[in-house]
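Given next are the chains, with one letter for each unit.
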Amino acid sequence: MFDIGVNLTSTQFASDRPKVVKRAREAGVTGMLITGTNALESQQAQKLAEDQPGFCWSTAGVHPHHASEWSTEIASTLRRLAEKPEVVAIGECGLDFNRNLSAHEQQEYAFEAQLALAAELNMPVFLHCREAHARFAAIVAPWLPKLPGAVIHCFTGTRDELEACLALGLSIGITGWVCDERRGLELREMLPLIPADKLLLETDSPYLLPRDMRPRPTSRRNEPCFLPHIVQQVATWRGESSEALAACVDNNARTLFRLV
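Below you will find a few notes about this structure. These numbers come from a predicted model, not from an experiment.

Within the chain, the regular secondary structure consists of 9 helices and 8 strands. Relative to a compact globule of 260 residues, whose C-alpha radius of gyration would be 18 Å, the chain shows 17 Å and is just as compact. Overall, the chain is about 50 × 40 × 35 Å in size when its C-alpha atoms are taken along their principal axes. Once local pairs closer than 6 in sequence are excluded, the contacts in the chain between residues at least 24 apart make up 73%. Here the chain has roughly 11,100 Å² of accessible surface; of this, 51% comes from carbon and sulfur atoms. For the chain, the centre of its 26 positive side-chain charges and the centre of its 32 negative side-chain charges are spaced 5 Å apart.

If you want it as structure tokens, here you go:
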């Protein structure tokens, strides 16, 4: 089972990163994609992935929260990082109209610039969309034929939005959000609608600790070692075996990020 979304650069992991990776391996995780969300963290993610060859890879990108920082220098940094063998996708990039930490115009500009970079470099993209589906779809759609692949990570949208994303050919990243009995029930019901070859799983750790874990972890920090719980729950709600789903999402991740 492959975790496509690990924020291993987070300060929440500052004291025990090697142990976090070790626990993930011992739990049966077969690979991890470390998320880059700005220029500095993209560089840090690449270095962390470099230290775990054959197990960790990384993305290089600018999250919409950091879109106001976009510059030609940052674009050059991402381009240089993309030459590294550990860096297998451009992103996390997209739109976030929930928190609006950068203006909409800045988000859209940085998003399109990263899509253009990914197309130029023939790299898949790691996408973010929150409360911005219409603009997100309008911006990304013309670029998809020029890209080798794309995943919308941490999908939490509506059924109509899911169907629209699938119609565009996007892969769908599902997190422990689906394990939340307060907020995840609608998404849980949609799981069977996702074709097997379009489903990817992730912890988005240290965020989104699954609420239905028993016994509850003593810390609220999520870790990639909890991915097996998400696999088990998603498999149950899809009517599949956890072993088959774990193998499926591992293959999907390796195919999308061209690790095979």
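Still more ground to cover, so stick around.
Let us now look at the pattern of salt bridges. Pairs may arise between side chains of opposite charge once their charged atoms sit close together. Taken as a whole and assessed by the stated rule, the structure comprises 15 salt bridges. Between Arg23 and Asp16 there is a salt bridge whose closest N-O contact spans 3.2 Å. Accessibility expressed as a relative area gives 13% for Asp16, which makes it buried. The partner of Arg221 in a salt bridge is Asp16, with the nearest N and O atoms 3.0 Å apart. Placement of Arg221 in the loop between strand S8 (199-201) and helix H8 (227-238) and of Asp16 in the loop between strand S1 (2-6) and helix H1 (17-27) is noted, with a sequence separation of 205 residues between them. With a relative accessible area of 14%, Arg221 lands in the buried category.

This next bit is on the packing of aromatic side chains. Taken as a whole and assessed by the stated rule, the structure comprises 2 aromatic pairs. Between Phe2 and Trp57, the ring centres sit 5.8 Å apart and the planes meet at 25°, which makes this aromatic pair stacked. On the criterion of sequence distance, the pair formed by Phe2 in strand S1 and Trp57 in strand S3 (residues 56-60) is long-range, its members being 55 residues apart. Taking the relative accessible area as the measure of exposure, Phe2 reaches 1% and is therefore buried. A centroid spacing of 5.6 Å and a plane angle of 10° characterise the contact between Phe111 and Phe136, whose relative ring orientation is stacked. Note that Phe111 is positioned in helix H4 (residues 104-121) and Phe136 in helix H5 (residues 133-140), a separation of 25 residues in sequence. The class of Phe111 is buried, set by a relative accessible area of 0%. Using a relative accessible area of 0% as the deciding quantity, one classes Phe136 as buried. Cation over ring: Arg25 sits above Phe55, and NZ or CZ is 4.1 Å from the ring centre. Sitting over the face of the ring of Trp177, Arg183 holds its NZ or CZ atom 4.1 Å from the ring centroid.

Right, let's get into the pairing of S1. Of all 5 residues making up S1, 5 are buried, and the element is well covered by its neighbours. In this structure, S1 lies alongside strand S2 (residues 31-34), joined through 3 bridges in parallel fashion. Following the sheet pairing, Phe2 is matched in S2 by Gly31. On the question of chirality, the crossover connecting S1 to the parallel S2 by way of H1 is right-handed.

Burial along S2 is two-sided: Gly31 and Leu33 and Met32 and Ile34, pointing in opposite directions, are all buried. Here S2 runs beside S3; their pairing, made up of 3 bridges, is parallel. Note on S3: the bridge partner recorded for Leu33 is Trp57. Once you follow S2 into helix H2 (residues 39-50) and on to S3, the crossover reads as right-handed.

What counts, and at which threshold
- Throughout this description, residue numbers start from 1 for each chain and increase along the sequence as written.
- This being a predicted model, a pLDDT of at least 70 is required before a residue's local features are given, and a value of 80 or more before pairs of side-chain atoms are given or counted; all residues contribute to the totals for chains, interfaces and linings.
- With hydrogens and water stripped out, all remaining heavy atoms of the structure feed into the side-chain values.
- Helix numbering and strand numbering both begin at the N terminus, where a helix is a DSSP run of H or I of at least 4 residues and a strand a DSSP run of E of at least 2.
- Throughout, radius of gyration means the C-alpha value; the globule benchmark is 2.2 Å times the number of residues raised to the power 0.38.
- Contacts are residue-level and defined by heavy atoms, with any inter-residue pair within 4.5 Å sufficient.
- Only the protein chains shown count as covering a residue, and every accessible area follows the Shrake-Rupley method with a 1.4 Å probe.
- In this charge count, Lys and Arg are treated as positive and Asp and Glu as negative; neither His nor the chain ends contribute.
- Charged side chains are reduced to one point each, which is NZ for Lys, CZ for Arg, CG for Asp and CD for Glu.
- A pairing counts as a salt bridge when a side-chain nitrogen of Lys or Arg comes within 4 Å of a carboxyl oxygen of Asp or Glu.
- When a residue's accessible area, from a 1.4 Å probe over protein chains only, is under 20% of the maximum for its type it is buried; when over 50% it is exposed; and in between it is partly exposed.
- Within 6.5 Å between ring centres, the rings of Phe, Tyr and Trp (the latter by its six-membered ring) count as paired, and their orientation is classed by plane angle as stacked under 30 degrees, edge-to-face over 60, tilted in between.
- Remark: a charge is flagged as sitting over a ring if the NZ atom of Lys or the CZ atom of Arg is within 6 Å of the ring centre and within 35 degrees of the ring normal.
- DSSP calls a pair of strands paired once it identifies at least 2 bridges connecting them.
- Look down the strands so they point away from you; if going from the first strand over the helix to the second traces a clockwise path, that crossover is right-handed.

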